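Take a look at the letters that make up each chain.
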Amino acid sequence: MISFICSAKDRSGFPQTEKEVVFVGRSNVGKSSLINTLYKKKLAYVGKTPGKTKLINFFDIDGRYTAVDVPGYGYAKRSMEEAVQFGRMMDDYFARKDKIALVIMITDVRIGLTADDEDMKGFLDSHELPYVIIANKTDKLSNNQLMNSRHKLYKDMDNVIYVSAEKRRNIDQIYEAIDLHLPYSEG
Ligand SMILES: Nc1nc2c(ncn2[C@@H]2O[C@H](COP(=O)(O)OP(=O)(O)OP(=O)(O)O)[C@@H](O)[C@H]2O)c(=O)[nH]1
Ligand SMILES: [Mg+2]
């Protein structure tokens, strides 16, 4: 069974979990959409305007692991107060890095990795956190444009999974990546 555990804005609200798969990325790349597609349920709030997800949301996935939806980074229209709170919330979250089984970094296939994404990648590398990169919204590109994006925007990197959350394209590859990073469990 898949169920919502809680939302939290700082460490006082984080639940007791063991293995987390966390979805990060710039605002509006489709983190919440991808979570809903992966788990076939309207778990996370999807919005037309960036900055929709404001708290860290925890979901129990079949008792196997915890999926975590976090607010997007690189969203300029936050107020100063919001930006400070956002930074603190993410610091609190990543301080528990021993719990993180896999980071799923989502990007927009039409944009590739931005400076914010490169910062996040540097952070993940320096903390030796395992991650995969998702290039989402492939339904917005033709096959030719997609080839161009792979080559030019993603430099043919081999840990990129090209998907469409909206059209359920290549979603199985994400399940495989998650399974690979969880200790073996039955069922
Ligand atoms: N065409 C297309 N649109 C998508 C896809 N995935 C998400 N979207 C759209 O992109 C917009 C943002 O989606 P969200 O899932 O709310 O994005 P988010 O990354 O959670 O955004 P924040 O919570 O603001 O950080 C929505 O209008 C979605 O419908 C996709 O695969 N294809
Ligand atoms: Mg969201």
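Below or above, wherever it landed, is the structure these notes cover. Fair warning: this is a prediction, and the values are worked out from it, not measured in the lab.

1. Examining the overall build of the protein
Consideration 1: A tally of helices and strands in the protein yields five helices and seven strands.
Consideration 2: Each helix and strand of the protein, ordered N terminal to C terminal, gives the series β-β-α-β-β-α-β-α-β-α-β-α.
Consideration 3: Scaling as 2.2 N^0.38, a compact globule of 187 residues should have a C-alpha radius of gyration of about 16 Å, and the protein matches this with 16 Å.
Consideration 4: Taken along its principal axes, the extent of the C-alpha atoms in the protein is 50 × 45 × 35 Å.
Consideration 5: Counting over 187 residues, the protein shows a buried share of 30%.
Consideration 6: Looking at the protein alone, contacts between residues at least 24 apart form 73% of all its contacts between residues at least 6 apart.

2. Topic: the site of ligand 1
Consideration 1: Taken together, 24 residues are adjacent to ligand 1, and Gly30, Ser32, Ser33, Thr53 and Gly72 come closest.
Consideration 2: Element by element, the count of residues in the shell around ligand 1 is highest for helix H1 (residues 31–39), at three residues.
Consideration 3: Residues belonging to the shell around ligand 1 are distributed by class as follows: five nonpolar, twelve polar and seven charged.

3. Re the nonpolar core
Consideration 1: Val22, Phe23, Val103, Ile104, Met105 and Ile134 are the most contacted members of the largest nonpolar core, which has 33 residues in total.
Consideration 2: Where this core is concerned, the elements lending two or more residues are strand S2 (20–25), H1, strand S3 (56–61), strand S4 (65–69), helix H2 (80–94), strand S5 (100–108) and strand S6 (131–136).
Consideration 3: For this core, the element with the most residues is S5, which contributes six residues.

4. Considering the sheet that holds strand S7 (residues 160–162)
Consideration 1: Across the sheet, which stays open at both edges, the seven strands sit in the order S1-S3-S4-S2-S5-S6-S7 with mixed pairing between neighbours. This sheet does not close on itself; its edge strands, each paired only once, are strand S1 (2–8) and S7. On average, adjacent strands in this sheet sit at an angle of 25 degrees to one another, irrespective of strand direction.
Consideration 2: Of the strand pairs in this sheet, S6 and S7 are connected by three bridges, and their pairing is parallel. What sits directly across from alanine 135, in S7, is tyrosine 162.
Consideration 3: H1 contacts S1, S2, S3, S4, S5 and S6 of the sheet and is inclined by roughly 150 degrees relative to S4.
Consideration 4: Sheet strands in contact with helix H3 (residues 115–126) are S2, S5 and S6, and its direction is about 165 degrees off that of S5.

5. Some remarks on the pairing of S6
Consideration 1: Most of S6 is tucked away, with five of its six residues classed as buried.
Consideration 2: Bridge count for S5 against S6 is six bridges, and the pairing is parallel. In the sheet register, valine 103 faces S6, and the bridge partner there is tyrosine 131.
Consideration 3: Taken together, S5, H3 and S6 constitute a β-α-β crossover, and its handedness is right-handed.
Consideration 4: In this fold, the crossover linking S6 to S7 by way of helix H4 (residues 143–153) has right-handed handedness.

6. Some points on the environment of leucine 43
Consideration 1: Relative to the elements of secondary structure, leucine 43 occurs in the loop between H1 and S3.
Consideration 2: As a C-alpha pair, leucine 43 and valine 68 span 25 residues in sequence and 11 Å in three-dimensional space.
Consideration 3: Aside from chain neighbours lying at most four places away, what touches leucine 43 is Phe4, Ile35, Asn36 and Phe59.

So, how was this worked out
Residues numbered from 1 in each chain as written. Chains lettered and ligands numbered in written order. Predicted model: local features only at pLDDT ≥ 70, side-chain atom pairs only at ≥ 80, totals over all residues. Helix = DSSP H or I, 4+ residues; strand = E, 2+ residues; numbered from the N terminus. Rg over C-alpha atoms; globule rule 2.2 N^0.38 Å. Buried ≥ 20, exposed ≤ 12 C-beta atoms within 10 Å, placed from the backbone. Contact = placed C-beta atoms within 7 Å. Near = placed C-beta within 6 Å. Nonpolar A, V, L, I, M, F, W, Y, C, P; charged D, E, K, R; others polar. Core = buried A, V, L, I, M, F, W, Y, C linked by C-beta atoms within 7 Å. Pairing = 2+ DSSP bridges. Axes fitted to C-alpha atoms, helices over the stretch in contact; angles between N-to-C directions. Right-handed = clockwise from strand over helix to strand, strands pointing away.

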